[in-house]
Amino acid sequence: MQGNPLSDGSSAPDGARRATPTERRAQITMEIVERTGIDDPMIQLLVSTFYHKVRADQLLGPIFEERISDWGYHLERMCAFWSSVALMSGRYQGRPMEKHLALPVDARHFDRWLELFEETAQQVCAPSAAAHFVERARNIAESLELGIAAQSGRRLMKGERLTAPSCESPVD
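For clarity, every value in this text was computed on a predicted model and none was experimentally measured.

What counts, and where the lines are drawn
- Residues numbered from 1 in each chain as written.
- Predicted model: local features only at pLDDT ≥ 70, side-chain atom pairs only at ≥ 80, totals over all residues.
- Heavy atoms only, no water.
- Helix = DSSP H or I, 4+ residues; strand = E, 2+ residues; numbered from the N terminus.
- Expected span 1.5 Å × (residues − 1).
- Contact = heavy atoms within 4.5 Å.
- Salt bridge = Lys/Arg side-chain N within 4 Å of Asp/Glu carboxyl O.
- Buried < 20%, exposed > 50% of the residue type's maximum accessible area, 1.4 Å probe, protein only.
- Core = buried A, V, L, I, M, F, W, Y, C linked by side-chain atoms within 4.5 Å.
- 1 Å grid on protein atoms, 1.4 Å probe; cavity = no way out; pocket = protein on both sides within 12 Å on 5 of 7 lines; lining within 4 Å.
- Points joined across faces, edges and corners; volume = space filled by probe spheres on them.
- Nonpolar A, V, L, I, M, F, W, Y, C, P; charged D, E, K, R; others polar.

Draft legend 1. Local environment of helix H1 (residues 21-36). Its 16 residues place the ends of H1 22 Å apart at the C-alpha level, agreeing with the 22 Å of an ideal helix rising 1.5 Å per residue. Against helix H4 (71-87) and helix H7 (127-151) lie the buried residues of H1. Two residues or fewer past H1, Gly 37 is found with a positive phi of approximately 80°.

Written out as structure tokens, the structure is:
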């Protein structure tokens, strides 16, 4: 007896209904929530705590303050972004690479962003949730760093980091 193929390569018995993309996304989200405990209140706490630190940071703060005038709106967007990234919710409908391409940043900024993010995730999340967020944050930072380098005409080799002569020196 041959069944209907499913998206995961298995098959359903003839006549069985296949899960829709929306149903598959909901299933994946539920599995992540069960495994990590991540939910919207945790995302909101992570985002608000993290950006509080970013705004006070000597290296990152000025870059954000110069570009963000409506912090309430920005934090809402970041909650939607992290919901999409961490839970695959599909809530964020933006293009983060485009927003970051013109920023005056280099490896130091990405390292500091990751340091603050990891510190915050470990502070406000259970270990499994923190690990889930941090893994994704590292991938995002690497992708943005590579994208910014490519935009400026540089192709980073494995292990090479972005240096931008136009960036100010770190503040001691």
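The structure having been displayed, the exposition proceeds.
Draft legend 2. Molecular detail of the pattern of salt bridges. For the structure shown, the criterion picks out 14 salt bridges. Notably, a salt bridge pairs Arg 161 with Asp 111, separated by 2.8 Å at the nearest N-O pair. Here Arg 161, found in the segment after H7, pairs with Asp 111, found in helix H6 (residues 107-124); they are 50 residues apart in sequence, far enough to count as distant. On the basis of relative accessible area, Asp 111 is assigned to the partly exposed category, the value being 38%. A cluster of three or more residues bridged by salt bridges with shared partners is formed by Asp 57, Arg 112 and Glu 115.

Draft legend 3. Seen up close, the nonpolar core. In terms of nonpolar packing, the biggest core is built from 44 residues, with Ile 38, Ile 43, Tyr 51, Trp 82, Trp 113, Phe 117 and Phe 133 touching the most fellow members. Going through the elements one at a time, helix H2 (40-56), helix H3 (61-67), H4, H6 and H7 are the ones with two or more residues in this core. The element contributing the most residues to this core is H7, with 10 residues. The contact partners of Ile 43, leaving out residues within four places of it in the chain, are Ile 38, Cys 79, Trp 82, Ser 83, Leu 87 and Phe 133.

Draft legend 4. Quick look at the layout of surface pockets. In this structure, the largest pocket encloses a volume near 800 Å³. If you go around the largest pocket, you meet 28 residues; those closest to its centre are Phe 64, His 74, Met 78, Lys 99 and His 100. Listing elements by their share of the lining of the largest pocket, those giving two or more residues are H2, H3, H4, helix H5 (96-100), H6 and H7. Here the element with the most residues in the lining of the largest pocket is H4; it accounts for six residues. Partitioning the lining of the largest pocket into residue classes produces 19 nonpolar, five polar and four charged.

Draft legend 5. Geometry of the side chain of Thr 120. Residue placement: Thr 120 occurs in helix H6. Apart from the residues lying within four places of it in its own chain, the contact partners of Thr 120 are Leu 46, Thr 49, Phe 50 and Lys 53.

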